[in-house]
Amino acid sequence: MEKRKFESKNRYVISLLIATFVFFLIFAVSYSISYFELQRVSNLQVDVSYDIFEDKLDYSLFNASICDEQYFGKISQDLGFQGRIIDDLERKLGKQNEDVLLRKKFYSLIEIEHLEFVKEFNNNCSKSKEKINTILFFYSNNESYIKESEEAGRILGVVAERNQNLIIYSFDIDLESDLVNKLEKKYNVTSSSTAVINEKTSIKLPANIQEIEKHLQ
């Protein structure tokens, strides 16, 4: 009987060690995937930034045409792809992860550069092409406001699906970024879940799709 008890204890210890090993293996694999995704978004941010800066120099210094719809579509798709990856990294690594916050700061910079690109595109290409609408969405990941921010973001997502000539730029007002702070002052944003449509109309807690769409061009 004593031998059986000893064998049972050994089996329990072995099972515990195997379960612990499997847990850490799963954790390591999950973290590795998130790390590689973080590296991928870092590389992509550099590529998109370079494309935007290069194109701005082309038309500002070398008189190139900004009205290349194919090129514009590519950098816009890359920008959207970055945003989706950062959302995924927030879920996997946490919204307060330092690496994720750093990438968000850089992403905010790229968004502002892209917004400037869009303004130039609208000013120079509006005669032959439909103007591009923009919405600047200021949100918060603070526990007190995250639910309303997510709901407002969902509504804006539906608006984006219904309007192909619309680009939504999202800015975390809790991010320690001077650029985001300057945007808040520029557009008189005083609270989270605020949408600024075409840099003119501000809507707090956007919830009505028709109310938003009537301000689009």
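Located above this text is the structure these notes cover.
Residues numbered from 1 in each chain as written. Predicted model: local features only at pLDDT ≥ 70, side-chain atom pairs only at ≥ 80, totals over all residues. Heavy atoms only, no water.

Now for the sheet that holds strand S2 (residues 166–172). Sheet strands line up and pair through hydrogen bonds in the backbone, either parallel or antiparallel. Read across the sheet, four strands follow the order S2-S1-S3-S4 without closing on themselves; strand pairing throughout is mixed. Taken across any chain shown, the strands that pair with only one partner, and hence form the sheet edges, are S2 and strand S4 (201–204). Put simply, the sheet's adjacent strands are angled 20° from each other on average, direction ignored. Across the sheet, helix H3 (residues 98–125) is in contact with strand S1 (133–139) and S2; its angle to S2 comes to roughly 145°. (Pairing = 2+ DSSP bridges. Helix = DSSP H or I, 4+ residues; strand = E, 2+ residues; numbered from the N terminus. Axes fitted to C-alpha atoms, helices over the stretch in contact; angles between N-to-C directions. Contact = heavy atoms within 4.5 Å.)

Time to look at the nonpolar core. Of all hydrophobic cores here, the largest spans 24 residues; its most connected members are Phe72, Leu136, Phe138, Tyr169, Phe171 and Tyr187. Where this core is concerned, the elements lending two or more residues are helix H2 (69–93), H3, S1, S2 and helix H5 (178–186). Ranked by the residues each element gives to this core, the list is headed by H3, at seven residues. Setting aside anything within four residues of it in sequence, one finds Tyr187 in contact with Leu115, Leu136, Phe138, Val196, Glu199 and Ser202. Grouped together as the second largest cluster of nonpolar side chains are 14 residues, Ile135, Phe137, Ala195 and Ile197 included. (Core = buried A, V, L, I, M, F, W, Y, C linked by side-chain atoms within 4.5 Å. Buried < 20%, exposed > 50% of the residue type's maximum accessible area, 1.4 Å probe, protein only.)

Now for the environment of Tyr145. Note that Tyr145 resides in the loop between S1 and helix H4 (146–162). Expressed as a C-alpha distance, the spacing of Tyr145 and Ser192, which sit 47 residues apart in the sequence, is 7.2 Å. Contacts of Tyr145, omitting those with residues within four sequence positions, involve Ser140 and Ser192.

What follows deals with H3. Taking 1.5 Å of rise per residue, 28 residues should cover 40 Å, and H3 covers 40 Å from first to last C-alpha, within 8% of that figure. At the N-terminal boundary of H3, the capping side chain belongs to Asn97, with an oxygen 2.9 Å from the backbone nitrogen of Asp99. (Expected span 1.5 Å × (residues − 1). Polar contact = N/O pair within 3.5 Å; in protein donor to acceptor, adjacent residues only side chain to side chain.)

It is possible for side chains bearing opposite charge to pair when their charged atoms get close. In this structure the tally under the stated criterion is seven salt bridges. A salt bridge links Lys95 to Glu90; the nearest nitrogen and oxygen atoms lie 3.6 Å apart. Glu90 gets classed as buried once you look at its relative accessible area, which sits at 7%. Here Arg162 and Glu213 are joined by a salt bridge, their closest N and O atoms 2.8 Å apart. (Salt bridge = Lys/Arg side-chain N within 4 Å of Asp/Glu carboxyl O.)

Pairing geometry for strand S3 (residues 194–197) and S4, over four bridges, is antiparallel. What sits directly across from Val196, in S4, is Ser202.

It is worth spelling out unusual backbone geometry at this point. The phi torsion at Asn188 lies on the positive side, around 55°, for a residue other than glycine. Looking at the secondary structure, you find Asn188 in the loop between H5 and S3. Phi at Asn198 is positive, roughly 50°, even though this residue is not glycine.

Our next topic: the layout of surface pockets. Looking at the largest pocket, its volume works out to about 1,300 Å³. When residues of the lining of the largest pocket are traced back to their parent elements, those giving at least two are H2, H3, S1, H4 and S2. It is H2 that contributes the most residues to the lining of the largest pocket, 14 residues altogether. A per-class count over the lining of the largest pocket returns 16 nonpolar, 16 polar and 14 charged. (1 Å grid on protein atoms, 1.4 Å probe; cavity = no way out; pocket = protein on both sides within 12 Å on 5 of 7 lines; lining within 4 Å. Points joined across faces, edges and corners; volume = space filled by probe spheres on them. Nonpolar A, V, L, I, M, F, W, Y, C, P; charged D, E, K, R; others polar.)

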